[in-house]
Amino acid sequence: MRRPSPIDTFPAATRGNLDDTGSLVAKAGHRWHAIVADQRDIGALRAARDEVVSAFGGIDILFANAGIQAFKPLLEMDDADWHDQIDNNLNGTANAIRAFAPALVDRGGGRIIVTSSTQGQHGTLNGASYSASKWGILGLMKSAALELGRHKITVNALVPGLIDTALTRHEDRYAQAIESGGKQPTGDEAKDEKTAAEALAAKLPLGVPWLEPDAMAPAIVFLASEGASMVSGTSLAVTGGDSANVTA
């Protein structure tokens, strides 16, 4: 988890969300150990790593997934508009790898999965900071794969499309999607949601504006599995077909 950013225009995850996840893990018959930390603070992540190793005896899989998104034209950006997304998304992911990879080395191997975005494969209108952070994550992933392969650690990226979560379901995101299509948002969230949904669905070959979060799970499970032991340094996209709009 991470602290809310002053540039956020959507609700951050809460401790209640974390507890709900823990309940699902426990219901499935597995152990759960919750830690709240800011991934911009590598010292906190290293402390979390040590706590997990102490509780479970080691670490096999790291899924670095936290991130934020906001929109501001480059000509209007304040420093926070740039730095908060880079610090949370790119630097935070690097911190997670730097903090937890030594535990995977000690374990004799493992899996690292990071989260990029289709917006890390193309430009984003009024979203330069987010795109830069997600492009950077792909370069980070590939570099880590080169370095950690000798330790039997695979490193790959999930590339999700727009997912039906708080990150995408708010007025600023609707407005950005509408403006990308050359139109102007009304400021009425209900109307802009409908307009954005229609535009986004028309763009995707599979005809949906947003993907359900559960659609990501099979890809993550695969990358974490023994079946992916020879898969490293690459991306696995789950985008409803939006990947057809970017270069191979």
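For the structure itself, look to the data block above.
Residues numbered from 1 in each chain as written. Predicted model: local features only at pLDDT ≥ 70, side-chain atom pairs only at ≥ 80, totals over all residues. Heavy atoms only, no water.

A. Focus on the pattern of salt bridges. Inspection of the entire model under this criterion finds 10 salt bridges. Salt-bridge contacts for Arg40 lead to Asp38; the nearest nitrogen and oxygen are separated by 3.1 Å. Residue classification places Arg40 among the partly exposed positions, given a relative accessible area of 25%. Owing to a relative accessible area of 9%, Asp38 belongs among the buried residues under this scheme. One salt bridge connects Lys194 with Glu198, and the closest N-O pair in it is separated by 2.7 Å. Of this pair, Lys194 and Glu198 both sit in helix H6 (residues 189-203), four residues apart, roughly one helical turn. The class of Lys194 is exposed, set by a relative accessible area of 54%. Salt bridges linked by common partners bring Asp164, Arg169 and Glu193 together as one network. (Salt bridge = Lys/Arg side-chain N within 4 Å of Asp/Glu carboxyl O. Buried < 20%, exposed > 50% of the residue type's maximum accessible area, 1.4 Å probe, protein only. Helix = DSSP H or I, 4+ residues; strand = E, 2+ residues; numbered from the N terminus.)

B. Summary view of helix H2 (residues 42-56). Taking 1.5 Å per residue, 15 residues should reach 21 Å; H2 reaches 21 Å between its end C-alpha atoms and fits that length. Here H2 has its buried residues at Ile42, Leu45, Ala48, Arg49 and Val52. Burial along H2 is one-sided: seen end-on, the buried residues are contained in an arc of 110°. Check the buried side of H2 and you find it contacts helix H3 (79-107). The N-capping residue of H2, defined by a side-chain oxygen 3.1 Å from the backbone nitrogen of Gly43, is Asp41. Immediately downstream of H2, the backbone of Gly57 shows phi near 90°, a positive value. (Expected span 1.5 Å × (residues − 1). Arc of directions from axis to C-beta. Contact = heavy atoms within 4.5 Å. Polar contact = N/O pair within 3.5 Å; in protein donor to acceptor, adjacent residues only side chain to side chain.)

None of the figures reported here should be taken as evidence of function without further support.
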